[in-house]
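Below, each chain spelled out in residue letters.
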Amino acid sequence: MFCREQVVQLHHHKDEIHRRGAELITVGNGGTHFARAFREDMGITTPIFVDPSRATYRALGMRRGLLGTLSAKTLLHAARALKRGFRQGRTQGDAFQLGGVLVIRPDGSVSLRYLSSEAGDHPPEADVVSALGGPPMAAPGAPA
Amino acid sequence: MAEGPGVPALRRTFPCYMTPMDRISSEVARLPVLDLDGNPHPLGSLWDGRAAVLVFVRHFG
């Protein structure tokens, strides 16, 4: 459910991401059939790709392991996601692979690289959008 | 394009904001990802001509 939560939350900001000259792209490690179902279930309109080999995950430094899936912090993240209405579906991909977020400029330079430490560990959406440059995006609840 | 204004502070606050890669290497940019039709694309094509927010998810469940 963390992946659903993360993608949907960022998808809400896709217009702002587009205004800043960028695209929001999801990469998963399951098969294409999982990705298609995910797109339809979550109503994602931005591009989705898959890397079943996870070579890109390894190359970009993303972690994998049992502790990241079962840590105590994961329970806190689970409570947050459940409160937002997300529910765990069947695992569709490598359950021990952790993810991350990168903001990459057109020349390939990286302005943000966030590697999740445990399941449910995501950067705040405002930080991701702000890494694109332009005025900082206010965090939810903060004065504009 | 300048780095996002809040990111340096975030590196001090959140350990997950590791010292960033300065740039994606050409070797990594050549790694393939598959579109929903199963067609391979080099990773670097995802930010070709414009910036990209890449969200690598754990899995689709």
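Residues numbered from 1 in each chain as written. Chains lettered and ligands numbered in written order. Predicted model: local features only at pLDDT ≥ 70, side-chain atom pairs only at ≥ 80, totals over all residues. Heavy atoms only, no water.

## Overview of unusual backbone geometry
All names here are of chain A.
Here is step 1 of the chain: Here arginine 54, not a glycine, exhibits a phi torsion of approximately 60 degrees, which is positive.
Here is step 2 of the chain: Residue placement: arginine 54 occurs in the loop between β2 (48-50) and α4 (55-59).
Here is step 3 of the chain: A residue is classified by how much of its surface remains accessible, and arginine 54, at 17% relative accessible area, is buried. (Helix = DSSP H or I, 4+ residues; strand = E, 2+ residues; numbered from the N terminus. Buried < 20%, exposed > 50% of the residue type's maximum accessible area, 1.4 Å probe, protein only.)

## A look at the pairing of strand β3 (residues 51-56) of chain B
Here is step 1 of the chain: Of all 6 residues making up β3(B), 6 are buried, and the element is well covered by its neighbours.
Here is step 2 of the chain: Residues Ala51(B), Val53(B) and Val55(B) point to one face of β3(B) and Ala52(B), Leu54(B) and Phe56(B) to the other, with burial holding for every one of them.
Here is step 3 of the chain: One ladder, built from 6 bridges, connects strand β1 (residues 22-28) of chain A with β3(B); its direction is parallel. In the strand pairing of β3(B), Glu23(A) is matched with Ala52(B). (Pairing = 2+ DSSP bridges.)

## What about the confidence of the model for chain B?
Residue and element names in this part refer to chain B.
Here is step 1 of the chain: In the predicted model, chain B carries a mean pLDDT of 77, and the fraction of residues at 70 or more is 64%.
Here is step 2 of the chain: Within chain B, no element has a lower average pLDDT than helix α1 (residues 7-13), which sits at 48, and none a higher one than strand β2 (residues 40-42), at 98.
Here is step 3 of the chain: Taken as a whole, residues 9-15 scores under 50 in pLDDT and shows 6 contacts with residues more than four places along the chain or in a different chain. (pLDDT = per-residue confidence, 0-100. Contact = heavy atoms within 4.5 Å.)

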